[in-house]
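Commentary on secondary and tertiary structure
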Amino acid sequence: MLNAFIPIWLLTALGYLVARFDLVGAVSADVEAVLGRFVFRVAMPASLFGMLGKADLHALANTSIIAFGVSSLAACGLGLVLSTRVFGRDVPNGAVVAMASGYVNSANLGIPVAIQVLGNAVFLSTVILFNTVLVTPIIMTLMGLRAGSPTGMRQRLRGIAMLPVHNPIIIASAFGALVSATHFHVPADVSSALGLLGGAAVPVALITLGMSLHVAKKTEGGGAGGDRAIEAESVVEAQPAVEVKKSGIAETVIAIALKTAVQPILAYLLARYALGLPAHDVLAVTLCAALPTAQNVFIYASEYGLDTVFARNSVIFSTVASMAGLWSVVALLK
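The following paragraphs examine the structure supplied in this document. What you are looking at is a predicted structure, and each value in this text was computed from that prediction instead of being measured.

**As for the pattern of salt bridges**
Following the criterion strictly, the structure yields three salt bridges and no others. As a salt-bridge pair, Arg89 and Asp307 come within 2.9 Å of each other at their nearest N and O atoms. Taken together, the residues Arg89 in the loop between helix H3 (63-86) and helix H4 (91-102) and Asp307 in the loop between helix H13 (296-303) and helix H14 (308-333) connect sequence positions 218 residues apart. Classification of Arg89 as buried rests on a relative accessible area of 6%. By sharing partners, the salt bridges in this structure join Arg89, Glu251 and Asp307 into a single network.

Dropping the structure here:
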């Protein structure tokens, strides 16, 4: 299982070295921002379109996904409530905490872990589908809300309804789901090109994450801070800047605890006692719920000009903590 973590650490370390030694010949903060936009607007939409276009949407009608889905949404919901009610964040930054608390790294880490422990990634494909079709649109809608948005109920609802139209992740996912539902055949050359482009999403996201470690360190105490906002060309319509509260240790620890402990325990209880699933299915649900926070949270926070410091810390430290959690799940349930 350790082998599944090694590529993550290597690519993150590579990103740090790229920023540390200015290997790209430009201001590291600018390069990080450009790479983040590339992942969010180009590579990740290509990846999600290709994945959903080939997915069986009927896989969501699965008893096991109910246990995982409820545990994921519960962890996200707790993270959002604690962030906004206890730590005083606004809703967009609360959505960052929510995503860090319950959105699992199901692709680049989940797939090798599932194959190693379960023998296949069948259930994990359903988890990826669940995250893409249901959780991502909810999180991104919350991230797109702004304190300066229209106060009238009608205008507010219209603004919320229009948010997905400006979001390449949601647009690509919707078209991918449409392709799957209609059984449309994407030309082989187009599919191949999208596959190559989508393959860049994870490694570039990890390199961007690594670069942020050095960029934030260099900008502490003066100059442009690590909590920078993406300028007006963002896919989010130009809106008043949101004041981002500095991440505290307590909030980070709570989010990591929700992700690596509360979510898998709740998933286990639901799978075994509420739904009475077979032992192998209980293992699959609990194992997937114990995966760490996806690096997507950092990319999304960067794109929306939200708290990237919290997002970065939650990805890194939840990945460390999850190593013990995943081994515990295997030791106790396999």
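**A closer look at the side chain of Thr293**
With respect to the element layout, Thr293 can be found in the loop between helix H12 (279-289) and H13. For Thr293, the side chain forms a polar contact with the main-chain oxygen of Ala100, separated by 2.6 Å. When neighbours within four sequence positions are excluded, Thr293 is seen to be in contact with Met99, Ala100, Tyr103, Asn105, Lys259, Ser314, Val315 and Ser318.

**Describing the nonpolar core**
In this structure, Phe68, Met143 and Tyr300 are the most contacted members of the largest nonpolar core, which totals 71 residues. Residues contacting Tyr300, with those up to four places away along its chain left out, are Phe40, Met44, Met99, Thr136, Met140, Met143 and Ile169. Val18, Ala19, Ile207 and Met211 belong to the second-largest nonpolar core, a separate cluster that totals five residues.

Cut-offs applied
- Residues numbered from 1 in each chain as written.
- Predicted model: local features only at pLDDT ≥ 70, side-chain atom pairs only at ≥ 80, totals over all residues.
- Heavy atoms only, no water.
- Salt bridge = Lys/Arg side-chain N within 4 Å of Asp/Glu carboxyl O.
- Helix = DSSP H or I, 4+ residues; strand = E, 2+ residues; numbered from the N terminus.
- Buried < 20%, exposed > 50% of the residue type's maximum accessible area, 1.4 Å probe, protein only.
- Polar contact = N/O pair within 3.5 Å; in protein donor to acceptor, adjacent residues only side chain to side chain.
- Contact = heavy atoms within 4.5 Å.
- Core = buried A, V, L, I, M, F, W, Y, C linked by side-chain atoms within 4.5 Å.

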